[in-house]
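# Survey of secondary and tertiary structure
Letter by letter, the chains look like this.
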Amino acid sequence: MIGHTSVAVGGLYGEKASGPTVDFSYVGIDAILEQMRRKAMKQGFELNIMVVGQSGLGKSTLMNTLFKSKVSRKSVLATSQEKIPKTIEIKSISHDIEEKGVRMKLTVIDTPGFGDQINNENCWQPIMKFINDQYEAYLQEEININRKKRIPDSRVHCCIYFIPPTGHCLRPLDVEFMRRLSKVVNIVPVIAKADTLTLEERDFFKKKIREELRANGIDVYPQKEFDEDAEDRMINEKIREMIPFAVVGSDQEYQVNGRRLLGRKTKWGTIEVENIAHCEFAYLRDLLIRTHMQNIKDITSSIHYEMYRVRRLNENNTVVAHANGIPEHHLAAHEM
Amino acid sequence: MLIHVSVHRSPPPPPPATLYYEHWVNLRARSQSLHLPLFTTSIKHERNHGNVPLTQLLRHKGAALTQQAEGRPLSSCYRFTRSLLLTSFLCLIVFQEKEYVGFATLPNQVHRKSVKKGFDFTLMVAGESGLGKSTLVNSLFLTDLHKDRKLLNAEERISQTVEITKHTVDIEEKGVKLKLTIVDTPGFGDAVNNTECWRPVTDYINLQFEQYFRDESGLNRKNIQDNRVHCCLYFIPPFGHGLRPVDIEFMKALQDKVNVVPLIAKADCLTPTEIKKLKERLREEIDKYGIKIYQFPDCDSDEDEEFKQQDKELKESTPFAVIGSNTVVEARGQRVRGRLYPWGIVEVENPSHCDFVKLRTMLIRTHMHDLKDITSDGHYENYRAQCIQTMTSKMNADKRVESPIPILPLSTPDVETEKLIKMKDEELRRMQQMLQKMQQQMHEQDL
């Protein structure tokens with residue numbers, strides 16, 4: 001909040017408290033920010049994160065670590081079955097969390113069974129269908145005659161893709177999946193279980209991955225083309241040099257140097273999850289939650305969703321046009 | 001000889017508590033919101049010390065705490081309090097670090113983006129000429145919107161119709177950009193025969209809604225211009241005894257399309273008692289005729305008493321009695337905006353002289369966002385629902401009409417399909433009843 005105290009001092013009417021001095025040039029339009037903020041606090045926020053990756057890569061643990069509470073599917077469902085499902089299922093679990101007066105409805109969408117079969121062809125299709133279904137639901141609500149004041153937002157804002165720490169390069173499955181999904185959703189690739197890589201191996205692996213992403217034309221978040229101005233570009237360039245983040249997740253605490261920290265304890269030492277010298281979990285958390293959360297949501301709603309909407313409307317225009325016997329280019333022309 | 005060396009003379013090795021000071025400061029703020037008990041509140045005054053190693057502070061405080069213990073060596077008490085404090089806030093810090101995720105910065109992220117984009121606001125002023133509308137707008141926003149306008153004389157005005165004029169000005173203050181549009185309605189209520197003089201106004205508002213509707217339903221939604229009218233200030237002359245027929249008709253015509261805020265113009269010709277009487281009269285008449293003016297939203301139950309009190313005062317002083325002025329005069333040894341009369345000086349920004357300050361606070365500082373919300377969620381949605389219904393009924397009637405906006409197959413069934421479904425349901429039920437009867441008969445025959 002830009003600091004002008006006349007709104008805060010004296011309650012509603014700052015002038016009464018500040019006395020007879022009149023500020024000739026102050027209208028007070030910056031108070032609209034405070035109004036927006038109060039409204040936002042009252043309404044709360046929504047965030048939908050999807051985690052995709054083979055089983056055993058630590059997806060559920062990472063979600064628990066990110067939000068410091070048991071939000072993943074395994075913690076919530078009593079039957080923690082370890083069997084690999086025959087087909088990909090999509091399981092979404094919602095939680096209401098609150099911090100410092102800010103309320104958030106967090107939905108974690110899990111995809112058990114991805115990449116676990118013998119033949120993994122088209123394993124991305126159920127996921128793409130799910131994402132498009134969410135866009136469709138939002139679109140239907142938006143074009144309804146009597147639509148709700150605040151349309152419930154179930155669109156997937158961010159998809160975290162877990163890359164197994166092979167240390168060499170991306171697998172064909174990874175490339176195929178990311179290529180298709182980067183067009184409909186924001187993808188954040190992470191290197192899972194990064195405690196098996198030394199720092200040199202990690203750097204090499206990351207460089208290889210970045211090259212491969214570039215070679216295949218895969219645009220992961222933060223996308224280069226959506227940078228708005230120089231300031232954004234600078235910040236995002238720094239992030240782009242660090243992706244994919246090498247993360248280690250843990251929801252157990254250990255005593256290190258007199259402090260209790262989340263980590264993994266092994267015979268040769270304890271890996272601290274939030275220590276940036278050990279792994280890059282802190283960067284991922286800062287990116288996703290503390291700095292770029294709103295940006296992720298905006299790109300989903302103003303770019304990915306709009307593309308879906310345009311596609312749907314054009315499809316329908318051709319249907320309507322054929323029904324009416326009017327050539328389609330007449331209808332589409334005056335919209336653009 | 002043994003030299004007694006007491007522990008407190010040699011400074012103890014600093015524990016990793018040097019880092020904790022910053023955490024401590026944040027922790028105090030957070031713990032208040034988390035409703036956690038704090039062990040000591042005396043440290044809060046040390047806030048401005050910056051990164052002072054906490055052990056120094058504790059030593060100072062610990063010594064102060066144990067000042068009463070005269071004659072006793074300070075060392076043991078001091079050590080005890082220090083360890084107590086350290087362990088207590090160690091627990092708190094761990095508790096806090098364990099739980100702190102960080103999404104509380106979300107409102108700031110939203111706010112950063114809006115500041116970059118800027119805001120827009122459209123204000124309409126309506127009322128007869130000479131009631132001080134332009135002056136008031138200039139006083140509110142500290143601009144000069146009508147630098148070179150020509151005022152028509154009476155002859156020219158006989159055949160004039162109501163026009164709609166728009167002025168846009170960009171205001172920036174403390175980094176926040178506002179694109180303000182003022183819509184003026186010169187000629188309103190000026191003619192001899194004023195029947196339907198609000199028609200151009202309602203047409204203009206509908207036009208803005210329609211344009212927004214088209215933009216919103218179109219394919220390229222990136223840069224939609226929001227020209228919908230967010231608020232209409234209606235000026236009631238102070239000379240009469242309440243609402244005149246033209247006032248009633250105008251407000252009723254506009255109540256469902258825009259937020260109407262009635263104002264008593266040129267309030268410096270009324271004494272305080274007269275103003276009070278007039279306001280009561282106006283409020284009664286607004287209720288009597290069922291005119292829906294803009295209502296201030298109720299404040300939450302968790303706001304403090306002072307806020308609630310001020311909100312109550314605000315609601316009780318509607319309609320606001322305003323005076324506008326852009327000239328600066330000298331009053332009580334200060335330069336203020338006001339009007340200079342031989343019998344005194346009317347100060348525009350003095351709350352005891354007029355309600356200008358209340359109007360400005362309400363319009364700009366506290367309720368601007370609410371006005372925009374009600375326009376977009378209430379008035380615009382009504383317009384949109386009506387528009388879609390008329391369009392679909394027209395389309396059903398005449399199949400060859402091309403839809404100006406793209407229409408997708410709607411999920412809610414229309415009226416005719418629902419009727420069909422109901423008919424079929426009735427038939428089904430009747431058949432089921434007949435079946436049951438037949439079954440019963442067969443059953444009785446068998447017995």
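Okay, so let's go over this structure. Sequence order sets the numbering: in each chain, residues are counted from 1 along the sequence as written. Naming scheme: in the order in which they are written, chains are lettered from A and ligands are numbered from 1. Local features in a predicted model are, by the rule used here, given only for residues with pLDDT of at least 70; side-chain atom pairs are given and counted only at 80 or more, and totals for whole chains, interfaces and linings are based on all residues. Side-chain numbers here rest on the full set of heavy atoms in the structure, without hydrogens or water.

### A look at the overall build of chain A
Only DSSP runs of H or I reaching four residues or more are called helices, and only runs of E reaching two or more are called strands; each is numbered from the N terminus. A count of helices and strands for chain A gives 11 helices and 9 strands. Exposure categories follow from relative accessible area, calculated using a 1.4 Å probe and restricted to protein chains: below 20% of the type maximum is buried, above 50% is exposed, and the middle band is partly exposed. Buried residues in chain A amount to 51% of all 336 residues. Contact definition: two residues touch when any of their heavy atoms are within 4.5 Å. In chain A, 67% of the contacts between residues at least 6 apart in sequence involve partners at least 24 apart. Only the protein chains shown count as cover for residues, and the accessible areas themselves come from Shrake-Rupley with a 1.4 Å probe. Carbon and sulfur atoms make up 53% of the accessible area of chain A, which amounts to about 16100 Å² in all.

### A closer look at the overall build of chain B
Within chain B, the regular secondary structure consists of 13 helices and 9 strands. When each of the 447 residues of chain B is scored for burial, the buried share is 43%. Across chain B, contacts joining residues at least 24 apart in sequence account for 68% of those joining residues at least 6 apart. A total accessible area of about 25800 Å² is found for chain B, and carbon and sulfur atoms account for 54% of it.

### Describing the nonpolar core
Working definition of a nonpolar core: buried Ala, Val, Leu, Ile, Met, Phe, Trp, Tyr and Cys residues. They are joined through side-chain atoms within 4.5 Å. Grouped together as the largest cluster of nonpolar side chains are 170 residues, with contacts concentrated most on Phe67, Met104 and Met178 of chain A together with Phe141, Leu233 and Phe250 of chain B. The residues contacting Met104 of chain A, other than those within four sequence positions of it, are Phe45, Leu47, Phe67, His95, Asp96, Ile97 and Met293 of chain A together with Phe103 and Leu106 of chain B.

### Details of the sheet that holds strand S8 (residues 334-341) of chain B
Residues and elements named next belong to chain B. Any two strands with at least two DSSP bridges between them are considered paired. Pairing within the open sheet is antiparallel, and its 3 strands lie in the order S7-S8-S9. One side of each edge strand has no neighbouring strand; the edge strands of this open sheet are strand S7 (328-331) and strand S9 (344-347). Taking each pair of neighbouring strands and ignoring which way they run, the sheet shows an average axis angle of 70°. Sheet topology places S7 next to S8; 4 bridges connect them, and they run antiparallel. Bridge pairing in S8 places Val329 opposite Val336. Interaxial angles span 0 to 180 degrees and are taken between N-to-C directions of axes, which are lines fitted to C-alpha atoms, for helices over the stretch in contact.

### What to know about the side chain of Gln223 of chain A
Residues and elements named next belong to chain A. Relative to the elements of secondary structure, Gln223 occurs in the loop between helix H7 (199-215) and helix H8 (230-240). Gln223 sits in the buried class, given a relative accessible area of 3%. Setting aside its immediate chain neighbours within four residues, Gln223 contacts Asn186, Arg240, Ile299 and His304.

### Details of the sheet that holds strand S4 (residues 158-163) of chain A
Residue and element names in this part refer to chain A. Reading across the sheet, the 6 strands line up as S2-S3-S1-S4-S5-S6 and stay open at both edges, with mixed pairing between neighbours. The outermost strands of the open sheet, each flanked by one partner alone, are strand S2 (91-99) and strand S6 (245-246). Bridge analysis of strand S5 (residues 186-191) against S6 gives 2 bridges, and the strand direction is parallel. Looking at S6, one finds that Ile191 is bridged to Ala246. Here H7 sits on the sheet and contacts S4, S5 and S6; the angle it forms with S5, its principal contact strand, is near 150°.

### Considering helix H5 (residues 125-143) of chain A
The end-to-end C-alpha distance of H5 of chain A, which contains 19 residues, comes to 27 Å, matching closely the 27 Å that a straight helix rising 1.5 Å per residue would cover. In terms of residue burial, H5 of chain A counts as a mostly covered element, since 14 of its 19 residues are buried. To estimate the expected span of a helix, subtract one from its residue number and multiply by 1.5 Å.

### Section: the side chain of Asn120 of chain A
Residue and element names in this part refer to chain A. Note on placement: Asn120 falls in the loop between strand S3 (102-110) and H5. Given the relative accessible area of 19%, Asn120 is considered buried. From its side chain, Asn120 meets the backbone oxygen of Gly115 in a polar contact 3.4 Å long. Once you skip the residues sitting within four places of it in the chain, Asn120 turns out to touch Gly115 and Leu173. Pairs of N or O atoms are called polar contacts if they sit within 3.5 Å, as long as, within protein, a hydrogen donor faces a hydrogen acceptor (for residues adjacent in sequence, only side-chain-to-side-chain pairs).

### Some words on the packing of helix H2 (residues 31-43) of chain A against helix H4 (residues 106-117) of chain B
Closest axis-to-axis distance for the H2 of chain A/H4 of chain B pair is 10 Å, and the angle between their directions is 140°. Comparing their axes, H4 of chain B and H2 of chain A come out oblique. The handedness of the crossing between H2 of chain A and H4 of chain B comes out as right-handed. Of H4 of chain B, the residues touching H2 of chain A (which contributes Leu33, Met36, Arg37 and Met41 of chain A) are Pro107, Asn108, Val110, His111, Ser114 and Val115 of chain B. In terms of residue class, the contact of H2 of chain A with H4 of chain B is built from 6 nonpolar, 3 polar and 1 charged. Here the word oblique covers every angle except those under 35 degrees (roughly parallel), over 145 (roughly antiparallel) and from 65 to 115 (roughly perpendicular). Crossing handedness is defined as follows: a turn of the near helix away from the far one that is anticlockwise and smaller than a right angle gives a left-handed crossing, while the clockwise case is right-handed. Under the grouping applied here, Gly and all other residues not named as nonpolar or charged are polar, the nonpolar ones being Ala, Val, Leu, Ile, Met, Phe, Trp, Tyr, Cys and Pro and the charged ones Asp, Glu, Lys and Arg.

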